[in-house]
Amino acid sequence: MKRLAVVTVVALCAAVPVAHSQQIPRYDAAAYCRQLSDTGGGSAVVYNGCMEMEQNAYNKRKPQWTSLPEKTRSYCDSLARMGGGGSYTVLDGCIDMEIGAAGSTPAFKY
């Protein structure tokens, strides 16, 4: 009985990342844009432009998130989180590049 409980817990823990990855990641866009803006002296233009870009990237990727390859979702999420809380603009750019690269693998020529 104890072994069955351990197996059940391990199976449930293994399923959590898969279920979680089915939803687009949650990043704090306002904090990301504030950090970016503060780096440039606290510009409202930078902050507002950043927030608009973050919203556009989120809106673009949310409906297609589950149809993207798991490997691409995982890699691009990790990349988007580098240096802080995450960026939908970085996530979007990464996904575009990964999909483009997967569709045009070059051959080595002698």
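Residues numbered from 1 in each chain as written. Predicted model: local features only at pLDDT ≥ 70, side-chain atom pairs only at ≥ 80, totals over all residues. Heavy atoms only, no water.

The next point concerns the packing of helix α4 (residues 70-80) against helix α5 (residues 88-102). At a minimum axis separation of 9 Å, α4 and α5 run at an interaxial angle of 140°. On the basis of the axis angle, α4 is oblique to α5. As α4 packs across α5, the resulting crossing turns out to be right-handed. Taken together, the residues of α5 that come into contact with α4 (itself represented by Thr-72, Tyr-75, Cys-76, Asp-77, Leu-79 and Ala-80) are Val-90, Leu-91, Cys-94, Ile-95 and Glu-98. Class assignment of the residues belonging to the contact of α4 with α5 gives a composition of eight nonpolar, one polar and two charged. (Axes fitted to C-alpha atoms, helices over the stretch in contact; angles between N-to-C directions. Helix = DSSP H or I, 4+ residues; strand = E, 2+ residues; numbered from the N terminus. Parallel < 35°, antiparallel > 145°, perpendicular 65-115°, else oblique. Left-handed = near helix turned anticlockwise from the far one by under 90°. Contact = heavy atoms within 4.5 Å. Nonpolar A, V, L, I, M, F, W, Y, C, P; charged D, E, K, R; others polar.)

As a further point, take the state of the cysteines. Under the criterion given, the structure shown has two disulfides. The side chain of Cys-33 participates in a disulfide bridge whose partner is Cys-50; the two sulfur atoms lie 2.1 Å from each other. Measuring the twist about the S-S bond at about -75°, one finds the Cys-33-Cys-50 disulfide to be left-handed. Taken together, the residues Cys-33 in helix α2 (residues 29-39) and Cys-50 in helix α3 (residues 44-61) connect sequence positions 17 residues apart. As far as the burial class goes, Cys-33 and Cys-50 line up, both buried. (Disulfide = S-S within 2.5 Å. Buried < 20%, exposed > 50% of the residue type's maximum accessible area, 1.4 Å probe, protein only.)

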